[in-house]
Amino acid sequence: RARQLWGWAYRQLVPDYSKMANIPAALRDALETEAPLSLLKPVRAIASADGETIKTLYRTGDGHMLETVLMLYHNRATVCVSCQVGCAVGCAFCATGLMGLARNLGAGEMVAQVAGAAREARERGRELTNIVMMGMGEPLQNYVETMKFIGIVHDPDGLDIGARRITVSTSGVVPKIDALADEPLQLNLAVSLHAPDDELRSTLVPINRRYPIAALLAAVDRYISKTGRRVSFEYALMRGINDSEQSALELSLLLRGRLCHVNIIPLNPVDVLPYERPDPEGIERFTSILRTAGIPTT
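Computed from a predicted structure; not experimentally measured. (Residues numbered from 1 in each chain as written. Predicted model: local features only at pLDDT ≥ 70, side-chain atom pairs only at ≥ 80, totals over all residues. Heavy atoms only, no water.)

Student: So what about the side chain of R229? Which residues, and what values?
Tutor: Within the element layout of this structure, R229 appears in the loop between α7 (213–227) and β10 (231–237). Looking at R229, its side chain comes within polar contact range of the side chain of Y223, at 3.2 Å. Look past the residues within four positions of R229 in its chain and what remains in contact with it is L185, Q186, L187, Y223, I224 and L259. (Helix = DSSP H or I, 4+ residues; strand = E, 2+ residues; numbered from the N terminus. Polar contact = N/O pair within 3.5 Å; in protein donor to acceptor, adjacent residues only side chain to side chain. Contact = heavy atoms within 4.5 Å.)

Student: Account for helix α8 (residues 245–255), naming residues and giving values.
Tutor: By the burial criterion, the buried members of α8 are S247, A248, L251, S252 and L255. Along α8, the residues classed as buried sweep out an arc of 135° about the axis, all on the same side. Of the surrounding secondary structure, the elements contacted by the buried residues of α8 are α7, β10, β11 (260–266) and α9 (280–292). Just downstream of α8 lies G257, where phi reads positive at about 90°. (Buried < 20%, exposed > 50% of the residue type's maximum accessible area, 1.4 Å probe, protein only. Arc of directions from axis to C-beta.)

Student: Residues and numbers for the packing of aromatic side chains, please.
Tutor: We describe a pair of aromatic rings using the distance from one ring centre to the other and the angle between the two ring planes. Tallied over the full model, the rule gives 2 aromatic pairs. Pairing W6 with Y10 gives two aromatic rings, centres 4.7 Å apart and planes at 80°, and the pair type is edge-to-face. Linking W6 with Y10, this pair stays in helix α1 (residues 2–10), spanning 4 residues, or about one helical turn. Looking at W6, the relative accessible area reads 29%, which means it is partly exposed. By relative accessible area, Y10 is classed as buried at 15%. It is R76 that lies over the ring of Y73; its NZ or CZ is 4.0 Å from the centre. We note K176 situated over the ring of Y143; from NZ or CZ to the ring centre the distance is 5.1 Å. (Phe/Tyr/Trp six-rings, centres within 6.5 Å; stacked < 30°, edge-to-face > 60°. Lys NZ or Arg CZ within 6 Å of the ring centre and 35° of its normal.)

Student: Describe the sheet that holds strand β2 (residues 53–60), naming the residues involved and giving the relevant values.
Tutor: The 9 strands lie next to each other as β1-β2-β3-β4-β7-β8-β9-β10-β11, forming an open sheet whose pairing is mixed. With one partner strand each, in any of the chains shown, β1 (40–47) and β11 form the two edges of the open sheet. Pairs of neighbouring strands in the sheet enclose a mean axial angle of 20°, with direction left out of account. The pairing of β1 with β2 spans 7 bridges and is antiparallel. Paired with K41 across the strands is R59, a residue of β2. (Pairing = 2+ DSSP bridges. Axes fitted to C-alpha atoms, helices over the stretch in contact; angles between N-to-C directions.)

Student: Outline the pattern of salt bridges, listing residues and values.
Tutor: Tallied over the entire structure, the rule returns 11 salt bridges. For E67, the salt bridge goes to K55, with nearest N and O atoms at 3.8 Å. In this pair, E67 sits in strand β3 (residues 65–72) while K55 sits in strand β2, placing the two residues 12 residues apart along the sequence. For K55, a relative accessible area of 36% puts it in the partly exposed group. (Salt bridge = Lys/Arg side-chain N within 4 Å of Asp/Glu carboxyl O.)

Student: Account for the environment of N104, with residues named and values stated.
Tutor: Positionally, N104 belongs in strand β6 (residues 101–104). Note: C-alpha distance between N104 and P24 (80 residues apart in sequence) is 34 Å. Discounting residues that sit within four places of it in the chain, N104 has contacts with C83, Q84, E109, Q141 and N142. A polar side-chain atom of N104 sits 2.8 Å from a polar atom in the side chain of Q84.

Read these as spatial facts, not as claims about activity.
See below:
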């Protein structure tokens, strides 16, 4: 029965027990009461103009709200998963940080986001291929449930998302980066860096006061040494804050010689925050400095 349920939920992607034809009605009724399949209720969805990006607002069973984003590319379909309601890290430019932390999400609530995205992708003739833990919250501050979630979506008898197609993003929780290096799965690690020096990064990413850049990069080096896997550094580019040529040069010096990749993310502005997106020329200038210095950058 467990194998049948697993197949219906993760292979067939049915949204509720009533669709599970080979499960006895009495068992389906009992499961609906004791172990509800749908832990999140979709409130509304918004699609981009080209229809390739779909953001879904969900309500949890206890009334909290969270967001999940499905991104369709020509060669992959990626879901961006939230792991907390709000976030305690409080990055200065982040809308989620304004909420504070309400609670951690359970593994099942994270899986529900992936199942919903997989269902949405399949309705559009696509199969979900990638997961990024880059939604609301800090995955490494909800470590146990995050790893339980990854185990479920990775299961070859279920959604079968390969470990190398799952990316865990962190603002820099050093002890948990070390823990992640010891995990058996070959996951991808992305580090939200956003600044090349401690003074600026502590302003933008307050956790830097606890785990400054030197400690963070030492943990990254240990991770690379143990796993042999390339680490991505995320850099939210903000006009007049961290987008100068000097910042680009300092960043290239900081990362030179490491098995890494830099992902430049032009800021999506938040109405109530003072940070702005650079113009296209500024974005290209910053990126080209890194590339010229030999840092792989997109």
